[in-house]
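Secondary and tertiary structure notes
Residues per chain are reported as follows:
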Amino acid sequence: MASEEELFANIDALLDEEPQLPPPAERARLREAAGITQARLATALKTTTQSVKNYENGRSEPRSPRLEAYQRLLNGWAAKYPVHSTPTPRPTRAPQSAPPPQQPPAPQSAVPAAAPVMPIAAPAPERPARTAGAPTAAPAAAPAAAPRRPAAKKAAQPAQDPRFPHGPLAVLDGDGSAYGADGIVLDCPARTVPELVEWTLGESGLGAARLNRYGKDSDPLIALTATAAVKLGLPEHLEGHEQRRSLRLPEDHPVVKQIAKARWQLTRRGFGPWARIYRKVQGRDRQCVQLALLSWDALDERSWPGVTDMEPADIARVLGIYAQRVITPRGSTAVSGLELMTALRPPTKAVQDPETGNWVSGYNAGSLGTVPMDPAPPEATPEHPVVVNSGWTGGFLNEEAYQWVRPVDSLTDEECTLPYAVGLDLNTAFLAAAARLVVGLSAPDHFDAPKFNPKIPGSWLVDLSHIEPDPRLPSPFTPDGTRPTGPAWYQTHTVAYAQELGHDVHPIEAYLRRETGAYLDPWHDRLKTAYVDTLADLGVTRDLDDRRFLAAMERHKQLDPALAAVLSAIKATVKGGVGKLRERPQGKSYKEGDRWPSLERPTWRPDIRAAVISKARVNMHRKLQNMARMTGLYPLAVLSDCVVYPSPGDSPLDFLPYAASGKPQPGGFRLGPTPGLAKLEGVQSMLWAVDLMEKDLNPARHIKGGDAVLDEGE
């Protein structure tokens, strides 16, 4: 039975709801009926044209007082320009059903099931005038994002979570201005780190709702500029002989003492570029704030290109879009990628004890649970205690990305006379491999001479040395593309591909998992949507033909550097998240056979990493073989998800297979913006490529004009 307090709270929530606007399509119809352009409407509402587009495609909603002004305008237009065939009634709020029965409590807090989506605010280079303590909208300054793909198919986004009215994060500058993700500016009076933590949790209105009904809300993030760090008593830069991202403040630093005196705690990692300050959970409410020190290299230039040099409002925009589409950053993009897996597949949920009737924390089916799991010896690394303590000498999985260069003597005269070497890069190949990937959820069991089953994830000792590959193609079974020399350990996808190619496989032994599931599915779906939507905001949409796609990809980074940085961070999240599944020990003091911190988390799963990379490599080989069959072309080199082909022209359009209708042939490489499809990586002369091959260098590493980083998932 609901209490009087709960009922009154529900009624108050209804009274506090904002005015309801007509559906997005109706907003556009009314404006067009009035003969008003989006640009003119944007001027009247004192916003940007892109914001008006977002209102009309359902991507975002205006906020008060712009919301009331927009509603008044639409109501006036609705009276003037009704729909003749079916009169449109005055917009009214949809009736709200009675409150649902009270749900069992989650382990930490009871909150909405999905994180709200915020509008993408434009950056503000100049600080606006503000009233003390009040949020202020920052004026738009950066170029508007390119139009998205047709928006009629996009549903209206959920409203902002009322518990976090100012979004997931803020960037704090030295004068106390805290720039929010949606363009607001808050006054932060804090003069010390403990005061900043108290303000963030008590007054800022920052945070983000959980991504899964059984998960936890995201802790608010405060990114500190160099001047803000100095104001709070922190050094502008960390100095030392170690890598700067590995440095920490000493325990006797005044700021560390201030934190302890105020009865706050730091995590075991101490006060570094990503510092997490917390108190133990009291009741259902978490008390934790994440700090990012920008001048301490919190944002790696390789993952966040150009972001640390941006103005605070623009940094807030970049981080805010990433938080909205992926997750509130909690460390490096690799850390965020791993944290996203857990946020989408929480290890526990509330279950009812059948004996007592009480709600307790229980296992959440499909997750990795709360207990770390040791791998099978061949799945581990040589320094792992499972290997060292058992004296294992039976070999290891070698499921890594391709590093292959074709033998120069296999090139034909016809190939050598082609003028160009063209590189293709597969979009987020590891992410594409994670789609519908079944992995093990339980501990490995050992089997002798098992019958191979492609539906069971695990590691198989198989002899594939009898399979002779085409010398013009890499072997699908080894990262360097060479023929196997005897029995070796392979992941299920690699062995299944040998069967697909028509070969008999007879495993000698195997380590298999009885409980399985598509653990990475929600991770894949969220990151795929983030990647595709961000590319669309940069003008690279799914509806482009191949020629227009190549042109859009050539200029997309120049359209909006902030969105280009978000795209880079999303790609780094994919690679880093997969790599974190097999994080190696760090530090000079580590001794072989000792456990290292990463082994204490359930997400240390080298077998899942091997499954992703095995599937990605098999996907690549399948396309290479289909290309040879359809076009007679063979690659010059492969590096992870990049492949270089000889070509009669300087474009992929000159050698990719197309049907008579002009559509791409299925099975080969196809151009497009979604994961697994290809884009142009670079073009060089064929003479340049052959010269590198003769020097045992990989043209795929340099085809872009620089030195590529191998995507090993490390």
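Overview of the pairing of strand β3 (residues 177-180)
Here β3 shows a buried face lined by Ser 177 and Tyr 179 and a second buried face lined by Ala 178 and Gly 180. Between the antiparallel neighbours strand β2 (residues 169-172) and β3 lie four residues, among them Gly 176 with a positive phi of about 90 degrees. Relative to strand β4 (residues 184-187), β3 runs antiparallel, the two sharing three bridges. The partner of Ser 177 across the bridge, within β4, is Asp 187. In textbook terms, the turn of a hairpin is the stretch between consecutive antiparallel strands, and for β3 and β4 this stretch comprises three residues, one of which, Gly 183, has a positive phi near 95 degrees.

What to know about the sheet that holds strand β15 (residues 458-463)
On the basis of which strands lie adjacent, the open sheet formed by four strands has the order β14-β17-β15-β16 and antiparallel pairing. The sheet terminates laterally at β14 (445-448) and β16 (487-491), the two strands that pair on one side only. Across this sheet, the average inter-strand angle for adjacent strands is 20 degrees, counted without regard to direction. As paired strands, β15 and β16 are joined by five bridges and run antiparallel to one another.

Considerations on the confidence of the model for the protein
The predicted model of the protein has a mean per-residue pLDDT of 87, with 84% of residues at 70 or higher. A low-confidence stretch, residues 85-134 (pLDDT under 50), is modelled with 120 contacts involving residues beyond four sequence positions or located in other chains. Between residues 137-158, whose pLDDT stays under 50, and residues either more than four places distant or in other chains, the model counts 62 contacts.

A closer look at the side chain of Ser 465
Within the fold, Ser 465 resides in the loop between β15 and β16. Engagement of the side chain of Ser 465 in a polar contact is seen with the side chain of Asp 463, the distance being 2.6 Å. The contact partners of Ser 465, leaving out residues within four places of it in the chain, are Arg 483, Pro 484, Thr 485 and Gly 486.

A closer look at the side chain of Ser 442
Looking at the element boundaries, Ser 442 is found in the loop between β13 (439-440) and β14. A polar side-chain atom of Ser 442 sits 3.4 Å from the main-chain amide nitrogen of Arg 514. Residues in contact with Ser 442, not counting those within four places in the same chain, are Met 373, Arg 513, Arg 514 and Glu 515.

Some points on the sheet that holds strand β20 (residues 642-647)
Read across the open sheet, the five strands follow the order β11-β19-β20-β12-β21; overall the sheet is antiparallel. Whereas interior strands pair on both sides, the edge strands pair on one side only; in this sheet they are β11 (403-405) and β21 (678-685). Shown here is a sheet whose adjacent strand axes are inclined to one another by a mean of 20 degrees, direction ignored. The strands touched by helix α18 (residues 606-631) are β12 (420-426), β19 (637-639) and β20; relative to β20, the strand with the most contacts, the crossing angle is about 10 degrees.

Structural notes on the pattern of salt bridges
The final tally for this structure, using the stated rule, is 30 salt bridges. Between Glu 32 and Arg 31 there is a salt bridge whose closest N-O contact spans 3.8 Å. With relative accessibility at 55%, the residue Glu 32 sits in the exposed group. Across the pair Glu 198 and Arg 279 runs a salt bridge, and its minimum N-O distance is 3.6 Å. Of this pair, Glu 198 sits in helix α6 (residues 193-202) while Arg 279 sits in strand β7 (residues 274-282); the two residues are 81 residues apart in sequence, bridging distant segments of the chain.

A short note on the nonpolar core
Leu 520, Trp 523 and Phe 669 are the most contacted members of the largest nonpolar core, which totals 90 residues. Ignoring anything within four residues of it in the chain, the contact list for Trp 523 reads Gly 337, Leu 340, Met 341, Leu 344, Leu 431, Ala 434, Thr 573, Val 574 and Val 578.

What about the packing of aromatic side chains?
Aromatic ring pairs are reported here in terms of the distance separating the ring centres and the angle at which the planes meet. Considering all chains together, one arrives at 11 aromatic pairs under this definition. For the pair Trp 596 and Trp 604, a centre-to-centre distance of 5.8 Å together with 80 degrees between the ring planes defines the contact as edge-to-face. For the pair formed by Trp 596 and Trp 604, the shared burial category is buried. One aromatic cluster in this structure is built from Trp 392, Trp 489 and Tyr 511. Over the ring of Trp 264 we find Arg 279; its NZ or CZ atom is 3.9 Å from the centre of that ring. Above the face of the Tyr 634 ring, Arg 472 is positioned so that its terminal group lies 3.9 Å from the ring centre.

Quick notes on unusual backbone geometry
Its identity is not glycine, yet Arg 436 carries a phi of approximately 55 degrees, on the positive side. Its location among the elements puts Arg 436 in the loop between α13 (429-434) and β13. Exposure remark for Arg 436: the relative accessible area of 53% places this residue in the exposed category. Phi at Ala 449 takes a positive value of approximately 45 degrees, unusual for a residue other than glycine.

Points about helix α4 (residues 49-57)
Among the nine residues that make up α4, seven are buried, leaving the element largely enclosed by the rest of the structure. All of the buried residues in α4 are Gln 50, Ser 51, Val 52, Asn 54, Tyr 55, Glu 56 and Asn 57. Where α4 terminates, the next one or two residues include Gly 58, which has phi positive at roughly 80 degrees.

A short note on the packing of helix α3 (residues 38-45) against α4
Remark: α3 packs on α4, axes separated minimally by 8 Å, with the N-to-C direction vectors making an angle of 105 degrees. Relative to α4, α3 is oriented roughly perpendicular. Contacts from Gln 38, Ala 39, Leu 41, Ala 42 and Leu 45 in α3 reach Thr 49, Val 52, Lys 53, Tyr 55 and Glu 56 in α4. Across the contact of α3 with α4, the residue classes tally to six nonpolar, two polar and two charged.

Topic: the environment of Ile 259
Within the secondary structure, Ile 259 sits in helix α8 (residues 254-261). Each C-alpha atom of the pair Ile 259 and Val 193 lies 7.1 Å from the other, and the pair is 66 residues apart in sequence.

Re the environment of Glu 399
Mapped onto the elements of the fold, Glu 399 is located in the loop between α11 (385-390) and β11. Each C-alpha atom, one on Glu 399 and one on Thr 494, is 8.6 Å from the other, the two residues being 95 residues apart in sequence. From its side chain, Glu 399 meets the backbone nitrogen of Gln 491 in a polar contact 2.8 Å long. A polar contact is formed between the side chain of Glu 399 and the side chain of Thr 494, at a distance of 2.7 Å.

Re the pairing of strand β8 (residues 285-293)
A large share of β8 lies buried, amounting to seven of its nine residues. In this sheet, β8 lies alongside strand β5 (residues 221-224) in parallel orientation, the contact comprising four bridges. Bridge pairing in β8 links Ile 222 to Leu 291.

Here's the deal with helix α16 (residues 546-559)
Because an α-helix packs 3.6 residues into every turn, residues spaced three or four apart end up facing the same way. When the terminal C-alpha atoms of α16 are compared, their 20 Å separation across 14 residues agrees well with the 20 Å that a helix rising 1.5 Å per residue should span. The largest bend along α16 reaches roughly 35 degrees and is located at Met 553. Those residues of α16 hidden inside the fold are in contact with α15 (521-537), α17 (561-580) and β21.

Things to note about the packing of helix α14 (residues 492-500) against α18
Relative to each other, α14 and α18 sit at 25 degrees, their axes nearing to 8 Å. With respect to α18, the axis of α14 lies roughly parallel. Touching His 493, Thr 494, Tyr 497 and Glu 500 of α14 are Ala 611, Ser 614, Lys 615, Arg 617, Val 618, His 621, Arg 622 and Gln 625, all from α18. Among the residues forming the contact of α14 with α18, the class breakdown is three nonpolar, five polar and four charged.

Concerning the environment of Lys 261
In this structure, Lys 261 sits in helix α8. Spatially, the C-alpha atoms of Lys 261 and Pro 194 are 9.1 Å apart, while their sequence positions differ by 67 residues.

Conventions used here
Residues numbered from 1 in each chain as written. Predicted model: local features only at pLDDT ≥ 70, side-chain atom pairs only at ≥ 80, totals over all residues. Heavy atoms only, no water. Buried < 20%, exposed > 50% of the residue type's maximum accessible area, 1.4 Å probe, protein only. Helix = DSSP H or I, 4+ residues; strand = E, 2+ residues; numbered from the N terminus. Pairing = 2+ DSSP bridges. Axes fitted to C-alpha atoms, helices over the stretch in contact; angles between N-to-C directions. pLDDT = per-residue confidence, 0-100. Contact = heavy atoms within 4.5 Å. Polar contact = N/O pair within 3.5 Å; in protein donor to acceptor, adjacent residues only side chain to side chain. Salt bridge = Lys/Arg side-chain N within 4 Å of Asp/Glu carboxyl O. Core = buried A, V, L, I, M, F, W, Y, C linked by side-chain atoms within 4.5 Å. Phe/Tyr/Trp six-rings, centres within 6.5 Å; stacked < 30°, edge-to-face > 60°. Lys NZ or Arg CZ within 6 Å of the ring centre and 35° of its normal. Parallel < 35°, antiparallel > 145°, perpendicular 65-115°, else oblique. Nonpolar A, V, L, I, M, F, W, Y, C, P; charged D, E, K, R; others polar. Expected span 1.5 Å × (residues − 1). Bend = angle between axes of the 7 residues up to and from the residue.

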